[in-house]
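# Chains, contacts and geometry: an overview
Residues per chain, in single letters:
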Amino acid sequence: MIVLGIESSCDETGLALFDSEKGMIGHIVNSQHDIHGKYGGVVPELASRDHVLKLVPLLDQLLSQNKISLHNINLIAFTNGPGLLGPLLTGASFAKSLAWSLKIKSIEVDHLEAHIFSPMITEKNLNLPFISLLVSGGHTILTLVKANSDYKVLGKTLDDSAGEVFDKVARHLGLAYPGGPEISKAAANTNKSSYKFPRPMIKTNCYNFSFSGLKTNVTQLINKLELNDLIISEIAYDFENSIIDVLITKTLKAAREYNIENIVIAGGVSANQKLRMRCNLEKGEKKIFFPDMAYSTDNGAMIAYIGWLKSSKKTKDISLEINPNPSSRFV
Ligand code: KG4
Ligand code: ZN
């Protein structure tokens, strides 16, 4: 079976072709960072317009690069939420009308579930159950994944997500959007810091997170300082370490308390190299799985893959009705 995956929940237009026998055939992502960069965050209307412009040419490119015809596709999986309503509508309308014209089925996919299962695209040794830390621009959620569709949410952020705080602090430091990779680059210029920020909720007994106090603490400091490259690097260094300390401590605690061997860390922030390196150093007896770097931030491959995993469900649709869900069915 060949599944076309379509992602358009935010500022990436992602398409991919997944073959249930051969694996991922190919994927293509157009990022809108240049469009939104000057505003310091995603402008939903501009995002929707760019998805509309890019969906058809990207599909053409994906098919021709991989020498696949439209008529070889058996199922279309698309992100139905959570995300921005306009961008979701563009992908859903495109997916539904294409499926209708090809007389094939389409399947709605939850973006968060797609992230959570994304390491499985390349990792053959990842088995259920696992503890999942989903860290993206919109979410920070710790979940016990018992089986496909059997989840127990252990904790989540009470305010800002980790990615959101990376983006906002980067903006205050005068760094480009998206902020996560920029903070990492700045932090890599030093190996020490004169600043020591809080590690919010690191010692609490629950699995919830809270990052907005950290953000306020860092931005208030920034407002008092005359920034230069050294100060930016030292702030970025301890800020990045603070988030990583909290994420790793809570995730390992959950894995130990629930006696689960496998851990998955996915979502845009999982692209963070220091997080990956620290996990390797601190994992002890646990196994930690990350998505391939290409599948960490938003992409169509994870949508095609989860669409295939769920494709035996009877909910596959041939109607033209679209019903995007800007919040999540998952949490
Ligand atoms: O999963 P994603 O692409 O979109 C959402 O579903 O939200 O995540 C985007 C987030 C942004 O906040 C971005 O700053 C963050 O992921 N991010 C990173 C890195 N690369 C992307 N954060 C920290 N370090 C990175 N290397
Ligand atoms: Zn995402």
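In this report, we go over the structure that sits alongside the text.

Criteria and cut-off values
- Residues numbered from 1 in each chain as written.
- Chains lettered and ligands numbered in written order.
- Predicted model: local features only at pLDDT ≥ 70, side-chain atom pairs only at ≥ 80, totals over all residues.
- Heavy atoms only, no water.
- Pairing = 2+ DSSP bridges.
- Helix = DSSP H or I, 4+ residues; strand = E, 2+ residues; numbered from the N terminus.
- Axes fitted to C-alpha atoms, helices over the stretch in contact; angles between N-to-C directions.
- Contact = heavy atoms within 4.5 Å.
- Parallel < 35°, antiparallel > 145°, perpendicular 65-115°, else oblique.
- Left-handed = near helix turned anticlockwise from the far one by under 90°.
- Nonpolar A, V, L, I, M, F, W, Y, C, P; charged D, E, K, R; others polar.
- Salt bridge = Lys/Arg side-chain N within 4 Å of Asp/Glu carboxyl O.
- Buried < 20%, exposed > 50% of the residue type's maximum accessible area, 1.4 Å probe, protein only.

### Looking at the sheet that holds strand β7 (residues 140-147)
With mixed pairing, the 5 strands of this open sheet are ordered in space as β8-β7-β6-β9-β10. In this open sheet, the two edge strands, each paired with only one partner strand, are β8 (150-156) and β10 (287-289). Taking the axes of each pair of neighbouring strands and ignoring which way they run, one obtains an average angle of 25 degrees across the sheet. Across 6 bridges, strand β6 (residues 130-135) lies against β7 in antiparallel orientation. Bridged to Leu134 within β7 is Ile141. Helix-sheet contacts for helix α8 (residues 229-257) involve β6, β7, β8, β9 (262-266) and β10, and the interaxial angle to β6 is about 160 degrees.

### Considering the sheet that holds strand β5 (residues 105-110)
Spatially, 5 strands are ordered β3-β2-β1-β4-β5 in an open sheet, and the strand pairing comes out mixed. The open sheet terminates on both sides in strands that have one partner only, identified here as β3 (23-31) and β5. Direction aside, the axes of adjacent strands within the sheet are offset by 20 degrees on average. With 4 bridges joining them, strand β1 (residues 2-7) and strand β4 (residues 75-81) adopt parallel strand pairing. Bridge pairing links Gly5 to Ala77 in β4. Packed onto the sheet, helix α2 (residues 44-65) meets β1, β2 (12-19) and β3 and runs at close to 30 degrees relative to β2.

### Considering the packing of α2 against helix α3 (residues 85-102)
In the contact formed by α2 and α3, the axes pass within 7 Å of each other and the chain directions differ by 25 degrees. Comparing their axes, α3 and α2 come out roughly parallel. Of the two elements, α2 crosses α3, and the hand of that crossing is right-handed. Of the residues in α3, those touching α2 at Pro44, Ala47, Ser48, His51, Val52, Leu55, Val56 and Leu59 are Gly86, Pro87, Thr90, Gly91, Phe94 and Leu98. Here the contact of α2 with α3 is built from residues that sort into 9 nonpolar, 5 polar and no charged.

### Thoughts on the pattern of salt bridges
In a structure, side chains of opposite charge can pair up when their charged atoms sit close to one another. This model, assessed by the stated rule, comprises 14 salt bridges. Salt-bridge contacts for Glu113 lead to Lys310; the nearest nitrogen and oxygen are separated by 2.7 Å. Placement of Glu113 in helix α4 (residues 111-117) and of Lys310 in the segment after α10 (301-309) is noted, with a sequence separation of 197 residues between them. For Glu113, a relative accessible area of 10% corresponds to the buried category. For Lys287, the salt bridge identified is with Glu261, shortest N-O distance 3.5 Å. In this pair, Lys287 is assigned in strand β10 and Glu261 in the loop between α8 and β9, connecting sequence segments 26 residues apart. Ionic contacts of the salt-bridge type, sharing partners, join the residues Arg199, Asp238, Asp245, Arg278 and Glu282 into one network.

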